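Each chain, written out:
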Amino acid sequence: MVRYLSLEWIDALSREVAARPALAAVGAANSIGVTQVVTDGPEGDVVYHLQATAEGVSFGAGPAEPEDVRMEQSWETAAGVATGTVNAQEAFVTGRILLRGDQAKLMAAQPLFGALAEVFAAVGAETDYA
C-alpha cells in the first residue's frame, strides 16, 4: 500500500502511466500542465502535477512547467473525490476545489482525464487514504 499523495503514490502514478503506451498519443493530442495543491494533509501541504505533452504524460512532485491550470483543495476534499465520497463537480461548484488558469484548455483535455481514469483506479486499489 502507498499513502495517498505521498511521493511513492506519485511514483506509482508515473509507473502506471508508463505501462500504458496508448496514453502518450492521448497526451500529445491534449497537451496541458495541471498543478494540484492539497492543503492540511497528514504530511502537510502537497503540490504535484500532471504534464501532458508531445513527449508523453507524467506525474511529478512540484508545480507543472508550464502550468495551464492550478487546482487547490483540502486533504478532506481531495481524499473524498479520490474515493468517490465527494462529487468532484459539486466540489467545484461549491468552491471546495478552487480552479485557476485556462478553463477552456482544461475542458478540451477531457479525453486525457477520461483515459487517466484507469490509471487512478489501478493505483487507487493500492492506496491508503487514511
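Read on for a plain summary of the structure. Computed from a predicted model, the values in this text were never measured in an experiment.

A complete count under the given rule lists six salt bridges for this structure. Arg70 is the salt-bridge partner of Glu67, the closest N and O atoms lying 3.0 Å from each other. A residue is classified by how much of its surface remains accessible, and Arg70, at 24% relative accessible area, is partly exposed. The residue Lys105 makes a salt bridge to Asp68 at a minimum N-O spacing of 3.5 Å. Of the two residues, Lys105 sits in helix H5 (residues 103-108) while Asp68 sits in the loop between strand E4 (56-61) and strand E5 (69-74), which places them 37 residues apart along the sequence.

Taken together, the five strands give an open sheet; going across it, the order is E4-E3-E2-E5-E6, and neighbouring strands pair in mixed fashion. Only two strands of the sheet have a single neighbouring strand rather than two, namely E4 and strand E6 (97-101). Pairs of neighbouring strands in the sheet enclose a mean axial angle of 15°, with direction left out of account. Of the strand pairs in this sheet, E5 and E6 are connected by five bridges, and their pairing is antiparallel.

Analysis parameters
Residues numbered from 1 in each chain as written. Predicted model: local features only at pLDDT ≥ 70, side-chain atom pairs only at ≥ 80, totals over all residues. Heavy atoms only, no water. Salt bridge = Lys/Arg side-chain N within 4 Å of Asp/Glu carboxyl O. Buried < 20%, exposed > 50% of the residue type's maximum accessible area, 1.4 Å probe, protein only. Helix = DSSP H or I, 4+ residues; strand = E, 2+ residues; numbered from the N terminus. Pairing = 2+ DSSP bridges. Axes fitted to C-alpha atoms, helices over the stretch in contact; angles between N-to-C directions.

Nothing here speaks to function; it is all geometry.
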